[in-house]
2 protein chains.
Amino acid sequence: MASPDTEKTTGKGLAGVIALDTEICFIDGQKGILIYSGYDIGDLAAHCSFEEVAFLLWNGRLPDDRELRDLSLRLASERTLPPMVIDTLRLMPEDADPMAALRTGVSILSLFDGEADDMSPEANMRKAIRLTARIPVIIAALDRLRKGEEMVDPLKDGSTATNFLYMMSGQKPGEAAERTFDACLVLHAEHGLNASTFTGRVIGATLSDMYSAITGAIGALKGPLHGGANIRVMEMLTAIDRSGSSPTTFVKKLLADKERVMGFGHRVYKTIDPRATILREMVDSLSAEQGTRKWYDMSLEIMDVMAKNKNLYPNVDFFSASVYATLGISTDLFTPIFAMARITGWSAHLLEQWKDNRLIRPRAAYTGPVGRTTGRS
Amino acid sequence: MASPDTEKTTGKGLAGVIALDTEICFIDGQKGILIYSGYDIGDLAAHCSFEEVAFLLWNGRLPDDRELRDLSLRLASERTLPPMVIDTLRLMPEDADPMAALRTGVSILSLFDGEADDMSPEANMRKAIRLTARIPVIIAALDRLRKGEEMVDPLKDGSTATNFLYMMSGQKPGEAAERTFDACLVLHAEHGLNASTFTGRVIGATLSDMYSAITGAIGALKGPLHGGANIRVMEMLTAIDRSGSSPTTFVKKLLADKERVMGFGHRVYKTIDPRATILREMVDSLSAEQGTRKWYDMSLEIMDVMAKNKNLYPNVDFFSASVYATLGISTDLFTPIFAMARITGWSAHLLEQWKDNRLIRPRAAYTGPVGRTTGRS
């Protein structure tokens, strides 16, 4: 047998290994650049809706008016759940982890999709649209049902952002709420070969179906090292609010105690996270519309302290926490909302994977014992 | 931004890339060697039960008598399902894909495990045992419920193999059935960094929970390029049976038509798959006990034709198909049974991953368009 010590792992966690080619997303962390299919994220967030961006990720180009109208109609017609998903949400414990609930809900969706195992590009595109339409419905349903409230049917039309906020609250969102939440979806739609997207592609590469791949991706996004960063930002904001201290005092104490201030710095971005800059500019009008500047002002003050004292700038999680809190969304739904945006990137990567598929299967170096025998006969 | 053309993918599908170190399993495909934690698979299949092998994979050593008894007791006490899993199985369409059903069932298990998000090694070990106990119960339950039969409670004691066959049929299995099925579980328990195990580790590396990782692994195993090989063997055997031709005639025609004969050759093993040799020897006594040599004789004849005409030898899937068919198990349960064995390897890899965790996140090379703008303002 091969000698274990001649084998070396390529890089722990596959760091620096280039696993595949993609036309979907480019990130230059040094320069703070994020590009979806050739378009700068700032351009997209300012000028395109989440639905346009979804189309872009899936097709590699922006839709024309007719294509965008068609997609919106399709999404509207798919904003329903098989009764079993609702029955299952009702059977869940009230304190069920929302990501575990979403993972289960998406897994069940496949049982009622006659195209679940149809691997034609057309069927897979329809499933991508279906999942983009239904994940928000699952999240809104689980939030209302666990509060003992009835579900709110979606509107006949309107954007994903509008429909989600409406299904959550039963009230049509204001203009700034819709616009800011839509931008959050655009900003979270895609981010290269992160752990959940990679999970989806590894599962998809076995030619397993889109629901299996997305169920796995949701499970990966649930991990604290991946999707939960804005939850920890919110926990910090809540702790500051409860402490009675000023944000400045609170954060300076964290820094003095060498504790981590959440929402600053990013594994990929070594400069300002371009998504944070975009969100920061929107939270002002959102706060005015919602009539509470609490989370926004707190965030601005913390940002200021961190810039002056540590020369560190906020990442996208830092401001998405204040946005969702200002919209009155429960903290434990922040990661499901991440999934509701990222479903577009996940499914785009699956469509790309299946265009030229190959099983993704690295090797492991064996470092265990050799030559043992049970001695039994 | 970095120029796309300076970036090269390391190897398509990460082929040849060594992603991590493992002490769990070593495979030498050239020599036909498979080793779990230092023990040759032949030694383990001949002398150790599935429960002993599970303990070995989890702990890196075989259990002593007391440890084995403790594990058996723990498994027996965990062979129950939360009522919601059963309710959910009843709500599923009768023709639900069993792998989609299992993926859903495992996802639901987490909602009723108070330790689901406890990442201590002790809690994770308990979850590994719990999943090893419960996956067979889910599979047996879904098979009986879809046939309109009531579930059969497990025995108070006995092996995983005995209990599974009992819960499936309501009858205690014969000695050869128990022994052969137990060996099948041993042979499928672990096989290095295959696509489902890798999926599990990628999900686990985000510090997401074991249920999320296993749900994803089941989704990957569902893929035709991964777990479904023995199903395709069985489809071939069934087609031969229905054709009225002799196996020799049927297979020679396949070869003449340049069609693939299922169950021969293996991506990893370039010589005889050691697991096939072990199973082949057991199917004779199993067939005698079950009173039908049909699938076994057919398999031997095909093996002979392939050896003489193509110099190709059967893989583990080839004989596991005849074993499961001889036991009267539905073809669409072959992959779930694979999962019921592999849960031990999957969970062993997760325990290993979490001992020295690092996010698994390769990079992608961007080959898409650059410098596009929406032109909107």
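Scroll up to find the structure this text is about.
Enquirer: So what's going on with the overall build of chain A? Residues and values would help.
Expert: Each helix and strand in chain A was counted, giving 16 helices and five strands. By the compact-globule yardstick of 21 Å for 377 residues, chain A fits well, its C-alpha radius of gyration being 22 Å. With respect to the three principal axes, the spread of C-alpha positions in chain A is 75 × 55 × 45 Å. The buried share of chain A, taken over its 377 residues, is 62%. Counting contacts in chain A only where the partners sit at least 6 residues apart, residues at least 24 apart contribute 74% of the total. Counting only carbon and sulfur atoms, one obtains 48% of the accessible surface of chain A, whose full area is about 14100 Å². If the 43 positive side-chain charges of chain A are averaged to one point and the 48 negative ones to another, these points end up 7 Å apart.

Enquirer: Could you give an account of the sheet that holds strand 2 (residues 25-28) of chain A, naming the residues involved and the relevant values?
Expert: All names here are of chain A. Read from one edge of the open sheet, three strands run 2-3-4, paired in antiparallel fashion. In the strand order of this sheet, the two ends are held by strand 2 and strand 4 (39-40), each with one partner. Relative to strand 3 (residues 33-36), strand 2 is paired through four bridges, and the arrangement is antiparallel. Within strand 3, the position partnered with Cys-25 by the bridge is Tyr-36.

Enquirer: Describe in detail the nonpolar core, supporting the description with residues and values.
Expert: By size, the foremost hydrophobic cluster in this structure holds 236 residues, and its most contacted members are Phe-181, Ile-302 and Ile-329 of chain A together with Phe-181, Ile-302 and Ile-329 of chain B. Those residues within four positions of Phe-181 of chain A in sequence are excluded, and the remaining contacts are Ala-161, Phe-164, Leu-165, Tyr-324, Leu-327, Ile-329, Ile-337 and Met-340 of chain A. Leu-14 and Leu-20 of chain A together with Val-202 and Ala-205 of chain B belong to the second largest nonpolar core, which has 19 residues in total.

Enquirer: Can you lay out the sheet that holds strand 3 (residues 33-36) of chain B for me, pointing to particular residues and giving the numbers?
Expert: Ordered by their spatial adjacency, three strands build an open sheet running 2-3-4 (chain B), and the pairing between neighbours is antiparallel. Edge strands, defined here as strands with exactly one partner in the open sheet, are strand 2 (25-28) and strand 4 (39-40) of chain B.

Enquirer: Could you give an account of the pattern of salt bridges, with specific residues and numbers?
Expert: Under the defined criterion, the tally for this structure stands at 46 salt bridges over all chains. A salt bridge links Asp-297 of chain B to Arg-293 of chain B, with the nearest nitrogen and oxygen atoms 2.9 Å apart. Residue Arg-293 of chain B is classed as partly exposed on the basis of its relative accessible area, which comes to 35%. One connected set of salt bridges, linked through shared partners, spans Glu-78, Asp-113, Glu-115, Arg-126, Arg-130 and Arg-134 of chain A.

Enquirer: Let's hear about the packing of helix 11 (residues 229-243) of chain A against helix 14 (residues 294-310) of chain A: which residues, and what values?
Expert: Residues and elements named next belong to chain A. At a minimum axis separation of 11 Å, helix 11 and helix 14 run at an interaxial angle of 100°. On the basis of their axis angle, the class for helix 11 and helix 14 is roughly perpendicular. Taken together, the residues of helix 14 that come into contact with helix 11 (itself represented by Met-234, Met-236, Leu-237, Thr-238, Ile-240 and Asp-241) are Lys-294, Trp-295, Met-298, Ser-299 and Ile-302. Of the residues that constitute the contact of helix 11 with helix 14, the class distribution is seven nonpolar, two polar and two charged.

Enquirer: If you had to explain helix 8 (residues 175-188) of chain B to someone new, which residues and values would you point to?
Expert: A turn of α-helix holds 3.6 residues, and therefore any two residues three or four places apart point the same way. With 14 residues, helix 8 of chain B should reach 20 Å at 1.5 Å per residue; the first-to-last C-alpha distance of 20 Å fits that figure. When we look at burial in helix 8 of chain B, the residues that qualify are Ala-176, Ala-177, Thr-180, Phe-181, Asp-182, Ala-183, Cys-184, Leu-185, Val-186, Leu-187 and His-188 of chain B.

Enquirer: I'd like to hear about helix 9 (residues 195-204) of chain A, residue by residue, with values.
Expert: Within helix 9 of chain A, 10 of the 10 residues are buried, leaving the element largely enclosed by the surrounding structure. Three or more residues of helix 9 of chain A are buried, namely Ala-195, Ser-196, Thr-197, Phe-198, Thr-199, Gly-200, Arg-201, Val-202, Ile-203 and Gly-204 of chain A.

Enquirer: Requested: an account of the pairing of strand 3 of chain B, with residues and values cited.
Expert: Residue and element names in this part refer to chain B. In this antiparallel pair of consecutive strands, strand 2 and strand 3, the connection spans four residues, and Gly-32 shows a positive phi of 70°. Here strand 3 pairs with strand 4 via two bridges, running antiparallel. For Tyr-36, the partnering residue across the bridge sits in strand 4 and is Tyr-39. Linkage of strand 3 to strand 4, two consecutive antiparallel strands, is achieved through a turn of two residues, within which Ser-37 is found at a positive phi near 45°.

Enquirer: Outline the environment of Ala-176 of chain A, listing residues and values.
Expert: All names here are of chain A. Checked against the element boundaries, Ala-176 lands in helix 8 (residues 175-188). Using a relative accessible area of 13% as the deciding quantity, one classes Ala-176 as buried. Residues Ala-176 and Asp-284, 108 residues apart in the sequence, show an inter-C-alpha distance of 9.4 Å.

Enquirer: Outline unusual backbone geometry, listing residues and values.
Expert: Residues and elements named next belong to chain A. Residue Ser-37 is not a glycine yet carries a positive backbone phi of 45°. With respect to the helices and strands, the residue Ser-37 is situated in the loop between strand 3 and strand 4. According to the relative accessible area criterion, Ser-37 is buried, its value standing at 3%. Of note in this structure, Leu-207 is not a glycine but carries a positive phi near 65°. Its location among the elements puts Leu-207 in the loop between helix 9 and helix 10 (210-221). By relative accessible area, which is 30% here, Leu-207 ends up partly exposed.

Enquirer: So what's going on with the side chain of Lys-127 of chain B? Which residues, and what values?
Expert: Residue and element names in this part refer to chain B. Along the chain, Lys-127 falls in helix 6 (residues 121-146). Summary of buried charges: Lys-127 has no salt-bridge partner, and the nearest side chain of opposite charge, Asp-118, is 6.0 Å away. Polar contacts involving the side chain of Lys-127 include one to the main-chain carbonyl oxygen of Glu-115, which spans 2.9 Å. A polar atom in the side chain of Lys-127 sits 2.8 Å from the backbone oxygen of Asp-118. Ignoring anything within four residues of it in the chain, the contact list for Lys-127 reads Asp-113, Glu-115, Ala-116, Asp-117, Asp-118, Met-210 and Tyr-211.

Enquirer: Describe in detail the interface of chain A and chain B, supporting the description with residues and values.
Expert: Listed by partner, the interface residues are 103 residues for chain A and 103 residues for chain B. For the pair chain A and chain B, the two sides together bury roughly 8800 Å², of which 58% comes from carbon and sulfur. When residues of chain A are sorted by the area they lose upon contact with chain B, Ile-18, Arg-361 and Arg-372 of chain A head the list and together hold 9% of the total. One can count eight salt bridges joining chain A with chain B. Across the chain A-chain B interface, the total number found is 46 residue pairs in polar contact (both at pLDDT 80 or more). Along the lines of polarity and charge, the residues of the side of chain A that touches chain B split into 47 nonpolar, 32 polar and 24 charged. Strand direction decides the pairing type here: strand 5 (residues 363-366) of chain A and strand 1 (residues 18-22) of chain B, joined by four bridges, are parallel.

Enquirer: An account of the environment of Ile-272 of chain A is requested, with residue identities and associated values reported.
Expert: Residue and element names in this part refer to chain A. Relative to the elements of secondary structure, Ile-272 occurs in the loop between helix 12 (247-256) and helix 13 (274-290). Note on Ile-272: relative accessible area 36%, which makes it partly exposed. Sequence-wise, Ile-272 and Gly-29 are 243 residues apart; in three dimensions their C-alpha atoms are separated by 8.9 Å.

Enquirer: Please give an account of the packing of helix 8 of chain A against helix 15 (residues 316-326) of chain A that cites residues and values.
Expert: Residues and elements named next belong to chain A. The N-to-C vectors of helix 8 and helix 15 enclose an angle of 150°; their axes lie 11 Å apart at closest approach. Put simply, helix 8 runs roughly antiparallel to helix 15. Crossing of helix 8 against helix 15: the hand is left-handed. Facing Thr-180, Phe-181, Cys-184 and His-188 of helix 8, the residues of helix 15 in contact are Val-316, Ser-320, Val-323 and Tyr-324. Counted by class, the contact of helix 8 with helix 15 contains five nonpolar, three polar and no charged residues.

Enquirer: Kindly report on the packing of aromatic side chains, identifying the contributing residues and their values.
Expert: Summed over all chains, the structure comprises 13 aromatic pairs over all chains. Consider the rings of Phe-198 of chain A and Phe-198 of chain B, whose centres lie 5.7 Å apart with planes at 80°: the pair is edge-to-face. Residue Phe-198 of chain A is located in helix 9, and its partner Phe-198 of chain B is located in helix 9 (residues 195-204); the two belong to separate chains. You'll find Phe-198 of chain A and Phe-198 of chain B in the same group, each marked buried. On the numbers, 5.4 Å between centres and 10° between planes, the contact of Phe-164 of chain B with Phe-181 of chain B is stacked. Residue Phe-164 of chain B is located in helix 7 (residues 160-169), and its partner Phe-181 of chain B is located in helix 8; the two are separated by 17 residues in the primary sequence. Residue Phe-164 of chain B is classed as buried on the basis of its relative accessible area, which comes to 0%. Pairwise contacts between aromatic rings join Phe-164, Phe-181, Tyr-324 and Phe-334 of chain A into one cluster.

Rules used throughout
Residues numbered from 1 in each chain as written. Chains lettered and ligands numbered in written order. Predicted model: local features only at pLDDT ≥ 70, side-chain atom pairs only at ≥ 80, totals over all residues. Heavy atoms only, no water. Helix = DSSP H or I, 4+ residues; strand = E, 2+ residues; numbered from the N terminus. Rg over C-alpha atoms; globule rule 2.2 N^0.38 Å. Buried < 20%, exposed > 50% of the residue type's maximum accessible area, 1.4 Å probe, protein only. Contact = heavy atoms within 4.5 Å. Areas by Shrake-Rupley, 256 points an atom, 1.4 Å probe, with all protein chains shown as cover. Lys, Arg positive; Asp, Glu negative; His and termini not counted. Charge placed at Lys NZ, Arg CZ, Asp CG, Glu CD. Pairing = 2+ DSSP bridges. Core = buried A, V, L, I, M, F, W, Y, C linked by side-chain atoms within 4.5 Å. Salt bridge = Lys/Arg side-chain N within 4 Å of Asp/Glu carboxyl O. Axes fitted to C-alpha atoms, helices over the stretch in contact; angles between N-to-C directions. Parallel < 35°, antiparallel > 145°, perpendicular 65-115°, else oblique. Nonpolar A, V, L, I, M, F, W, Y, C, P; charged D, E, K, R; others polar. Expected span 1.5 Å × (residues − 1). Polar contact = N/O pair within 3.5 Å; in protein donor to acceptor, adjacent residues only side chain to side chain. Buried area = accessible area lost by both parts, 1.4 Å probe. Left-handed = near helix turned anticlockwise from the far one by under 90°. Phe/Tyr/Trp six-rings, centres within 6.5 Å; stacked < 30°, edge-to-face > 60°.

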